[in-house]
Amino acid sequence: MERRTAFAPSDVAYFANLCHNCGECYYACPYTPPHEFAVNVPKLLAELRAQSYRECARPRWYGAGVALPALALCLVIFLAGTHENAPAAGQFYSVISHSTMVAIFGAATIFVAIALGASLMRFAKGPGASMDSKAFAQALRDAASLRYLSGGDSASSARRWFHHFTFYGFLLCFASTTSAAIDHYLLGLRAPYPFLSAPVLLGTLGGIGLLAGPAGLFFLKRHRDPLIVDSHQHRADAFFLAILFLTSLTGLLLLILRNWTAMNVLLRLHLAVVLALFLTMPYGKFVHGFYRFAALVRYAFEAASSAGRKAV
Ligand code: HEM
Ligand code: SF4
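So, helix 7 (residues 133-145): which residues are in play, and what are the values?
With 13 residues, helix 7 extends 18 Å between its outermost C-alpha atoms, agreeing within 8% with the 18 Å of an ideal straight helix rising 1.5 Å per residue. Residues A135, A139 and D142 constitute the buried set of helix 7. Projected down its long axis, helix 7 shows its buried positions confined to an angular sector of 60 degrees, all on one face. Facing away from the buried surface of helix 7 by more than 90 degrees, the exposed residues are S133 and K134. Backbone geometry just downstream of helix 7 places L146 in the positive-phi region, at approximately 45 degrees.

Pasting the structure below:
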């Protein structure tokens, strides 16, 4: 903000997604409520952030009102045939065939990629995503270390750590699925995979992160100062935390109980939760990762350009 003497409307979404909601400015500012100016930057930026999620989503759906019916639909799709078969121990594909899984998740992936791409293009059109490779690399480092949550009090630091568990847990789970696809298609190996294999080791580590991270973030959320958060976001945020937690919980239970008859229901439950996570990605809090990253790229680009000007 200090770099600007005038603000374009498109700057607003950029600032909003750059703010990490650490709350420091609120506690440092002498004009916060009950002062008559009632300045509350973190809350205002949180509201503008949510507005950017709603406005950029294509189609324009957003929030728990979309997410809950999507989860219900996924549960119906997968649990409908639970009574049909009693699978042999560990035989996932006798519950739901590999080709059915690929068809459902392939279609979902294409839909999500198009919807997320359209939302991101819409977002980038507003604040703009000026960048070069250096700015991109800097933004990658800032996002990977969550640099702008590293200052502040112990609560900010705890939020940062639990976010790391969530973020890297998610990436490890993604890596686990990718390595399973490589095993299946390139090496001809079929699930269930041994405990000491890449898909299981990556999935177990990621799953633990994806249990601890969302649980910790939920705990911290309940103890945050209600004055600096956007209470209208609670349901959408809670859904995102819950669906990440449930993805991991059902996945780990499936691993532990894969040789039991309960595997039938657990596999269906796990697939339903993962599909709901997938389908709601463009219409919930998940988009923050993309918009925040675009904002960090632009910030790194502006910071480098302004340092260059000063040097001249
Ligand atoms: C470019 C990458 C990312 C950045 C810079 C980033 C940054 C942030 C920041 C600053 C917050 C706190 C403020 C807010 O609630 O908006 C947050 C919240 C959160 N992030 Fe990320 N994030 C990224 C990607 C991800 C990914 C990939 C996941 C997991 C799939 C994730 C999971 C979460 C969760 C669960 C919260 C909610 C915490 C709550 O509601 O209390 N983030 N993120
Ligand atoms: S990042 Fe922290 S200090 Fe900066 S605007 Fe957001 S809440 Fe205020």
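Describe the packing of helix 4 (residues 64-79) against helix 11 (residues 263-280), and please don't skip the residues or the numbers.
For the pair helix 4 and helix 11, interaxial distance at closest approach is 8 Å and the crossing angle is 145 degrees. Crossing angle aside, the handedness with which helix 4 passes helix 11 is right-handed. Across the interface between the two elements, A67, A70, L71, C74, L75, F78 and L79 of helix 4 pack against V265, R268, L269, L271, A272, L275, A276, L279 and T280 of helix 11. Residue composition of the contact of helix 4 with helix 11, by class: 14 nonpolar, one polar and one charged.

Which residues make up the nonpolar core, and what values do they have?
Judged by nonpolar contacts, the single largest core of 44 residues is most densely connected at F78, I243, L267 and L271. Breaking this core down by element, the ones donating at least two residues are helix 3 (41-56), helix 4, helix 5 (92-95), helix 6 (98-125), helix 9 (198-222), helix 10 (234-256), helix 11 and helix 12 (287-311). Broken down by element, the residue count for this core peaks at ten residues, all from helix 11. Excluding anything up to four places from it in sequence, L267 contacts F92, V95, M101 and L254.

Run through the environment of A295, naming residues and quoting values.
Examined against the element boundaries, A295 turns out to sit in helix 12. Look at A295 and you get buried, because its relative accessible area is 1%. Taking C-alpha positions, A295 is 15 Å from S305, a pair spaced ten residues apart along the chain. With residues near it in sequence (within four places) discarded, A295 still touches Y14, N17 and L18.

Help me get a handle on the layout of surface pockets, residues and values and all.
Taken as a whole, the second largest pocket encloses approximately 680 Å³ of empty space. Every residue lining the second largest pocket is counted, 20 residues in all, and those nearest its centre are M1, F15, L18, C19 and Y299. Those elements giving two or more residues to the lining of the second largest pocket turn out to be helix 1 (9-18), helix 2 (24-28), helix 3 and helix 12. Considered class by class, the residues forming the lining of the second largest pocket number twelve nonpolar, three polar and five charged.

Which residues make up the packing of aromatic side chains, and what values go with them?
The tally for this structure, following the rule as stated, stands at 16 aromatic pairs. Ring centres 5.9 Å apart and planes at 45 degrees place the aromatic pair Y53 and Y291 in the tilted group. In this pair, Y53 is assigned in helix 3 and Y291 in helix 12, connecting sequence segments 238 residues apart. Among the aromatic residues, those joined into a ring-pair cluster are F170, F240, F286 and F290.

Tell me what's going on with the site of ligand 1, and back it up with residues and numbers.
Surveying the vicinity of ligand 1 reveals 21 residues, the closest of which are H163, K221, K285, H288 and R292. Between ligand 1 and K221 there is a distance of 3.0 Å, counted from an oxygen atom to a side-chain nitrogen or oxygen. Note that a nitrogen atom of ligand 1 is positioned 2.8 Å from one of the side-chain N or O atoms of H288. Every element with two or more residues in the shell around ligand 1 is listed here: helix 8 (154-185), helix 9, helix 10 and helix 12.

Kindly report on the environment of Y27, identifying the contributing residues and their values.
Looking at the secondary structure, you find Y27 in helix 2. Between the C-alpha atom of Y27 and that of R3, which follows or precedes it by 24 residues, the distance is 23 Å. Y27 has contacts with D225 and I228, leaving out every residue within four places of it along the chain. Reaching out from Y27, the side chain makes a polar contact with the side chain of D225 at a distance of 2.7 Å.

Reading the values: the criteria
- Residues numbered from 1 in each chain as written.
- Chains lettered and ligands numbered in written order.
- Predicted model: local features only at pLDDT ≥ 70, side-chain atom pairs only at ≥ 80, totals over all residues.
- Heavy atoms only, no water.
- Helix = DSSP H or I, 4+ residues; strand = E, 2+ residues; numbered from the N terminus.
- Expected span 1.5 Å × (residues − 1).
- Buried < 20%, exposed > 50% of the residue type's maximum accessible area, 1.4 Å probe, protein only.
- Arc of directions from axis to C-beta.
- Axes fitted to C-alpha atoms, helices over the stretch in contact; angles between N-to-C directions.
- Left-handed = near helix turned anticlockwise from the far one by under 90°.
- Contact = heavy atoms within 4.5 Å.
- Nonpolar A, V, L, I, M, F, W, Y, C, P; charged D, E, K, R; others polar.
- Core = buried A, V, L, I, M, F, W, Y, C linked by side-chain atoms within 4.5 Å.
- 1 Å grid on protein atoms, 1.4 Å probe; cavity = no way out; pocket = protein on both sides within 12 Å on 5 of 7 lines; lining within 4 Å.
- Points joined across faces, edges and corners; volume = space filled by probe spheres on them.
- Phe/Tyr/Trp six-rings, centres within 6.5 Å; stacked < 30°, edge-to-face > 60°.
- Near = heavy atom within 4 Å.
- Polar contact = N/O pair within 3.5 Å; in protein donor to acceptor, adjacent residues only side chain to side chain.

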